[in-house]
Amino acid sequence: MSELLSHPDAHLFQVRHPDWAANATIYEVNLRQFTPEGTFRAFEAHLPRLASMGVSIVWLMPIHPIGEVERKGTLGSQYAVRDYLGVNPEFGTLDELRHLVQTAHHLGLRVLLDWVANHTSWDNPLVQQHPEWYQHDAQGHLVPPVPDWTDVVAFDYAHPALRRYMTDALLYWVREAGIDGYRCDVAGLVPTDFWDEARRELDAVKPLFMLAEWDELYPSGGLTWEQFNSDTKLLEKAFNMTFGLRLHYLLDHIAEGKQPLADIDEYLAAERAKYPPSVYLMHFTSNHDVNSWDGTEYERLGPLALPFAVLTVLLPGMPLVYTGQEAALNKRLAFFDKDPVDWQDYPLQDFYTRLLQLKRRHFALRNGDPLSLFQRLPGPADTYCFLRAKGLAAVLTAVNTSPEPRLLQLPAEAAGTWLDAFSGEQLIFRAGEELVLPPQGWRVLEKQ
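Residues numbered from 1 in each chain as written. Predicted model: local features only at pLDDT ≥ 70, side-chain atom pairs only at ≥ 80, totals over all residues. Heavy atoms only, no water.

### Notes on the packing of aromatic side chains
Ring pairs (aromatic) are described by centroid distance and by the angle formed between their planes. For the structure on display, the rule yields 33 aromatic pairs. Residues Trp-20 and Phe-209 carry aromatic rings whose centres are separated by 5.7 Å and whose planes lie at 45° to one another, so their mutual orientation is tilted. With Trp-20 in the loop between strand E1 (2–4) and strand E2 (26–29) and Phe-209 in strand E8 (residues 209–212), this pair connects stretches of sequence that are 189 residues apart. By relative accessible area, Phe-209 is classed as buried at 0%. Their ring planes at 40° and their centres at 5.5 Å tell us that Trp-343 and Tyr-346 sit as a pair that is tilted. Three or more aromatic residues joined by ring pairs make a cluster, and in this case those are Tyr-134, Phe-155, Tyr-157, Phe-194, Trp-195 and Phe-239. Lying over the aromatic face of Trp-343, Arg-49 brings its terminal NZ or CZ to 5.1 Å of the ring centre. (Phe/Tyr/Trp six-rings, centres within 6.5 Å; stacked < 30°, edge-to-face > 60°. Helix = DSSP H or I, 4+ residues; strand = E, 2+ residues; numbered from the N terminus. Buried < 20%, exposed > 50% of the residue type's maximum accessible area, 1.4 Å probe, protein only. Lys NZ or Arg CZ within 6 Å of the ring centre and 35° of its normal.)

Right, dumping it as C-alpha cells:
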C-alpha cells in the first residue's frame, strides 16, 4: 500500500479561500445552448435543479455583446467581446442578469462571469479609441493572440491606462450585478501583476472567487510547450483555482490506450510537488472547448466516460460539470451558432447528484484540506482505487477500466461498516475481504 502525502513545505504561499468553497463544485453554463430561448430568464428556471444536484458555483460563459467584424458563424464567439460594460441582447437585459444572480443567491449558489481580458473583437470601440492598447506586428497590423483566433485582436498590457480601464470594468459587474467572481479566459496570457492588483481592488468591494483558465502543469490557450509559461504564479495572490488540464488530457490518453492508468499517481505527485495542498485545481471530463473541438466525453472516453467522471469528482480538486452532462449529451454543441441541448428528462441527474452531494457533505472530501489523507490502494493494473480519510471519516473509490469484473482486496484500514453511495446498501468488511468491481464501472463507499 502506498501513500501520497501533502508536503507541508511545498511552496511558501497559502491560498485564502472563502469558507463556503471548501465543499464546492462548479457548473459551466453555455447560456446560448442551455434552452431553446437561450436567455437569462429561461436558464434561471434551472437553478433550483442545479442546487438540488449539489452545485455550489454557476459559471456563465461571456454575457457581453459579440463582435460582427470577422465574426465566425452566424452568432459569433462569445469570447469576441465588443463591449465590456454591455449585455448581449441575445441573452436579455442587465436587470434580468441581476434577477438571475439574486435567485442564485437565494438558493445558496454563487455566480461567476466569464471574463475575456486578453483580447477583444475587431469592432470593439477601444480599437479606434485606443489603438495603442493593442498588439501590432512589424507592419503595424493588429494581431490575434493565437493565429486561429481570427475574430479577435490582442491587448498590450504595457499600458497603465488599459489596466485601469479593465479593472474598472471588472469592478462594474461586481457592483452592478452582485456577482461573486470571475472565470478568466486564458489568464496566463495576461500579466500576473495586473491580476494581482485587480484582485486587491475587487476584494475591497466584495470577497470574490477567481478561476483562471490556465494550468501551470500543462499548456493551454492554444500554446505549444515552447510558448507556455509554467510559472505564472497566478495562484499566489490573484486566483483561487486554475484548470486541471493535465489530468483532463491524461484521462483522455488513458482511454485511448496511450498511457497506463497508474500514471494518475505520477500526475498527483507532480501536483503536490508544484503546489501547496491549499491550492484548488478544477477537474472535468468536458467543458465548452472540449465538447465543441475535441468531442463529447463519449467520443473521447467511450465506456469510461462515467467511471472517469467519478474520478474527477472524488480525486482531490474541485469538480466541474458542463452544460448537458446530466443529460448524457452525446453531441458536439455548435460554438458559433444556435444548437440547444436536448435534455431528455436528465438521465444522469441522479448519477451527478449522488456524486456532488457526497462531495458536498463528506468531511474527508473537502477542497484544499492539508489534513486530509489520500491513500492509494493496490489492485489490478486496470483499476484505480484510493481512500480519502480525515479522522474516522473516509470515502473509498474504486474504478475498473476493464470490460471484465475485477476483485479488489481490501486493506486493514477498510475493515468496518460502509454505505454504497450508489446502491444505498450497507456493507460490513473484514480486513482482506474482496470487493467486486463491475466491468468498466465503479464502487464508491462511505465509511459509517
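### Side note on the side chain of Arg-183
Tracing the sequence through the fold places Arg-183 in strand E7 (residues 181–184). Within the local environment of Arg-183, its side chain forms a polar contact with the side chain of Asp-185, the two groups lying 3.0 Å apart. Engagement of the side chain of Arg-183 in a polar contact is seen with the side chain of Glu-213, the distance being 3.3 Å. (Polar contact = N/O pair within 3.5 Å; in protein donor to acceptor, adjacent residues only side chain to side chain.)

### Some remarks on the environment of Val-436
Relative to the elements of secondary structure, Val-436 occurs in strand E18 (residues 434–437). Sequence separation of Val-436 and Phe-374 is 62 residues, and the distance between their C-alpha atoms is 22 Å.

### A short note on the sheet that holds E8
The strand order around the closed barrel built from eight strands is E2-E3-E4-E7-E8-E9-E10-E11, with neighbouring strands paired in parallel fashion. When strand polarity is set aside, the average angle formed by the axes of neighbouring strands in this sheet is 25°. Where E2 and strand E11 (residues 318–322) come together, three bridges link them in parallel fashion. Residue pairing in the sheet places Ile-26 in a bridge with Leu-320 of E11. (Pairing = 2+ DSSP bridges. Axes fitted to C-alpha atoms, helices over the stretch in contact; angles between N-to-C directions.)

### Regarding the environment of Ser-220
With respect to the element layout, Ser-220 can be found in the loop between E8 and strand E9 (241–243). Residues Ser-220 and Arg-246, 26 residues apart in the sequence, show an inter-C-alpha distance of 9.6 Å.

### Let's talk about helix H7 (residues 192–205)
Taking 1.5 Å as the rise per residue, H7 with 14 residues should run 20 Å; its terminal C-alpha atoms sit 20 Å apart, in good agreement. Looking only at H7, the buried set comprises Thr-192, Phe-194, Trp-195, Ala-198, Arg-199, Glu-201 and Leu-202. (Expected span 1.5 Å × (residues − 1).)

### Side note on the pairing of strand E14 (residues 393–400)
Counting buried residues in E14 gives seven out of eight residues, a clear majority hidden from the surface. Taking the residues that link successive antiparallel strands as the turn, the strand E13 (residues 383–390)-E14 hairpin has two residues, and the phi of Gly-391 there is positive, at about 60°.

### So, helix H6 (residues 160–177)
Compared with an ideal rise of 1.5 Å per residue, which puts 18 residues at 26 Å, H6 spans 26 Å between its outermost C-alpha atoms and is within 8% of the ideal. Buried within H6 we find Leu-162, Met-166, Thr-167, Ala-169, Leu-170, Leu-171, Trp-173, Val-174 and Ala-177. On its buried face, H6 is in contact with helix H4 (94–106), strand E4 (110–115), E7 and H7. (Contact = heavy atoms within 4.5 Å.)

### Some details on unusual backbone geometry
Even without a glycine there, the phi angle at Glu-70 is positive, about 60°. Inspection of the secondary structure assignment puts Glu-70 in the loop between strand E3 (57–60) and H4. In this model, Tyr-346 sits at a positive phi of 55°, which is unusual for a non-glycine residue. Checked against the element boundaries, Tyr-346 lands in the loop between E11 and helix H13 (349–361). The exposure class assigned to Tyr-346 is partly exposed, which follows from its relative accessible area of 24%.

### Some points on the confidence of the model for the protein chain
Overall, the predicted model of the protein chain reaches an average pLDDT of 95, with 97% of residues at or above 70. Here residues 1–11 is a poorly scored stretch, pLDDT under 50, and it has 29 contacts once near neighbours within four places are set aside; other chains count. (pLDDT = per-residue confidence, 0-100.)

### What about the nonpolar core?
If you look at the biggest cluster of nonpolar residues, it comprises 113 residues, and the most contacted ones within it are Trp-173, Tyr-182 and Trp-195. When residues of this core are assigned to their parent elements, the largest contribution, eight residues, is made by H6. Here Trp-195 is in contact with Ala-117, Leu-170, Cys-184, Ala-187, Val-190, Leu-234, Ala-238 and Phe-239, once residues within four sequence places are set aside. Judged by nonpolar contacts, the second largest core, of 17 residues, contains Trp-59, Phe-209, Val-290 and Met-318. (Core = buried A, V, L, I, M, F, W, Y, C linked by side-chain atoms within 4.5 Å.)

### Details of the packing of helix H12 (residues 305–314) against H13
Each pair of packed helices gets described by two things: the angle between the helix axes and the distance between those axes. In contact at an axis separation of 10 Å, H12 and H13 are set at 20° when each is read in the N-to-C sense. With respect to each other, H12 and H13 are oriented roughly parallel. The two elements H12 and H13 meet at a crossing, and its hand is right-handed. The residues of H13 that touch H12, namely those facing Leu-306, Ala-309, Val-310, Val-313 and Leu-314, are Phe-351, Tyr-352, Leu-355, Leu-356, Leu-358 and Lys-359. Considered class by class, the residues forming the contact of H12 with H13 number ten nonpolar, no polar and one charged. (Parallel < 35°, antiparallel > 145°, perpendicular 65-115°, else oblique. Left-handed = near helix turned anticlockwise from the far one by under 90°. Nonpolar A, V, L, I, M, F, W, Y, C, P; charged D, E, K, R; others polar.)

### Details of the packing of H6 against H7
Two elements in contact, H6 and H7, have axes whose closest approach is 10 Å; the angle formed by their N-to-C orientations is 35°. Helix-helix and strand crossings are classified by hand; for H6 and H7 the assignment is right-handed. Packed against H6, whose contacting residues are Arg-163, Arg-164, Met-166, Thr-167, Leu-170, Leu-171, Val-174 and Arg-175, the element H7 presents Asp-193, Phe-194, Trp-195, Ala-198, Glu-201, Leu-202 and Val-205 at the interface.

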